Amino acid sequence: MYSPCKAVITLEVFRRTVLIREFRETDMEQVFNLACSVFDEQYRPEVFLYFHSVWPQGQLVVQSPEGRILGFIFGAMTEDGKCRVMLLSVTPMMRGLGIGGRLIREFEARATVSGSNRIMLELRYSKTRLLEFYRRMGFVVEGVLPAYYSDGEDGILMSKLIQWNI
Ligand SMILES: CC(C)(COP(=O)(O)OP(=O)(O)OC[C@H]1O[C@@H](n2cnc3c(N)ncnc32)[C@H](O)[C@@H]1OP(=O)(O)O)[C@@H](O)C(=O)NCCC(=O)NCCS
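Description of the structure in this document. No experiment lies behind these values; they were computed from the predicted model shown.

As a further point, take the overall build of the protein. In terms of helices and strands, the protein carries 5 helices and 7 strands. Compactness check: the protein gives a C-alpha radius of gyration of 16 Å against a globular reference of 15 Å for 166 residues, within 12% of the reference. Overall size of the protein, expressed as C-alpha extent along the three principal axes, is 50 × 40 × 35 Å. Looking at the protein as a whole, 25% of its 166 residues qualify as buried. Considering only residue pairs separated by 6 or more positions, the protein has 59% of its internal contacts joining residues 24 or more positions apart.

Looking now at the nonpolar core. Judged by nonpolar contacts, the single largest core of 30 residues is most densely connected at V31, F72, I73 and L103. Elements represented by at least two residues in this core include exactly α2 (28-38), β2 (59-63), β3 (69-77), β4 (82-90), α4 (99-113), β5 (118-124) and β7 (155-161). If we ignore the near neighbours within four places in the chain, the residues touching I73 are L60, V85, L88, L103 and F107.

Before going further, it helps to examine the site of the ligand. Around the ligand sit 17 residues in total, of which R95, I99, G100, G101 and F133 are the nearest. Breaking the shell around the ligand down by element, the ones donating at least two residues are β4, α4 and α5 (128-136). For the shell around the ligand, the residue count by class is 9 nonpolar, 5 polar and 3 charged.

Once that is clear, we can look at the sheet that holds strand β1 (residues 19-22). With respect to topology, 7 strands assemble into an open sheet ordered β1-β2-β3-β4-β5-β7-β6, the strand pairing being mixed. Looking at the sheet topology across the chains shown, the edges are occupied by β1 and β6 (140-145). Neighbouring strand axes in the sheet, compared pairwise and without regard to direction, differ in orientation by 25° on average. Sheet contacts for α2: β2, β3 and β4; angle to β3, the most-contacted strand, approximately 90°.

The subject of this paragraph is unusual backbone geometry. Positioned with a positive phi, A147 is a non-glycine residue whose angle comes to about 45°. Summarising the element assignment, A147 is placed in the loop between β6 and β7. We classify A147 as exposed; it has 10 C-beta atoms within 10 Å.

Here β3 lies mainly inside the structure; 7 of its 9 residues are buried. As consecutive antiparallel partners, β2 and β3 are separated by 5 residues, and within that stretch G67 has a phi angle of approximately 95°, a positive value. Taken together, the 7 bridges between β3 and β4 define a ladder with antiparallel strand orientation. In the sheet register, A76 faces β4, and the bridge partner there is R84. The turn joining β3 and β4, which pair antiparallel and follow one another in sequence, is formed by 4 residues; a positive phi near 80° is taken by G81.

Criteria and cut-off values
Residues numbered from 1 in each chain as written. Predicted model: local features only at pLDDT ≥ 70, side-chain atom pairs only at ≥ 80, totals over all residues. Helix = DSSP H or I, 4+ residues; strand = E, 2+ residues; numbered from the N terminus. Rg over C-alpha atoms; globule rule 2.2 N^0.38 Å. Buried ≥ 20, exposed ≤ 12 C-beta atoms within 10 Å, placed from the backbone. Contact = placed C-beta atoms within 7 Å. Core = buried A, V, L, I, M, F, W, Y, C linked by C-beta atoms within 7 Å. Near = placed C-beta within 6 Å. Nonpolar A, V, L, I, M, F, W, Y, C, P; charged D, E, K, R; others polar. Pairing = 2+ DSSP bridges. Axes fitted to C-alpha atoms, helices over the stretch in contact; angles between N-to-C directions.

Pasting the structure below:
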């Protein structure tokens with residue numbers, strides 16, 4: 001029989017067993033395959049390796065106990081202390097379990113330690129569910145970016161102020 005209590009415990013156990021850690025070059029194949037299956041745009045492996053070489057602390061993966069990559073976040077840091085979320089993805093089977101939120105929070109922590117006080121990101125105008133996700137994570141809309149994407153779709157610019165929580 002279905003038990004909501006058991007389901008909550010199972011979810012909590014799952015949350016504790018997945019590991020968020022920095023990306024390693026040996027993750028490349030799994031990260032690349034996930035990116036190819038999720039994004040409309042195609043990214044070359046060199047793109048991920050470039051982000052990693054510039055700011056390793058800002059490139060994170062979620063790993064299952066068996067070593068499977070379940071999601072990732074890739075970011076960039078600008079000279080004026082702003083961070084950008086470049087790519088964020090969770091494997092479709094594992095969505096809705098809080099992994100994306102954890103990735104964002106861990107990214108914020110890494111950005112703060114790296115000296116950043118603001119995180120920026122862009123998303124497609126049509127992605128209303130994603131917009132709500134980022135809003136829930138504390139991001140606010142800064143404006144619209146006309147024809148930001150290669151197919152002509154507008155983008156939405158969002159940002160979040162971050163600070164040490166001691
Ligand atoms: C956005 C994404 C990373 C969220 O990961 P997640 O682990 O499901 O996130 P959480 O469990 O912490 O939060 C769930 C929320 O994510 C959002 N979400 C879930 N699936 C989504 C999807 N297919 N598309 C957009 N947002 C989604 C919703 O807001 C959801 O809340 P809701 O179910 O109440 O609507 C994940 O859905 C994903 O990989 N989407 C496709 C790739 C993408 O759009 N990346 C961002 C641009 S680079």
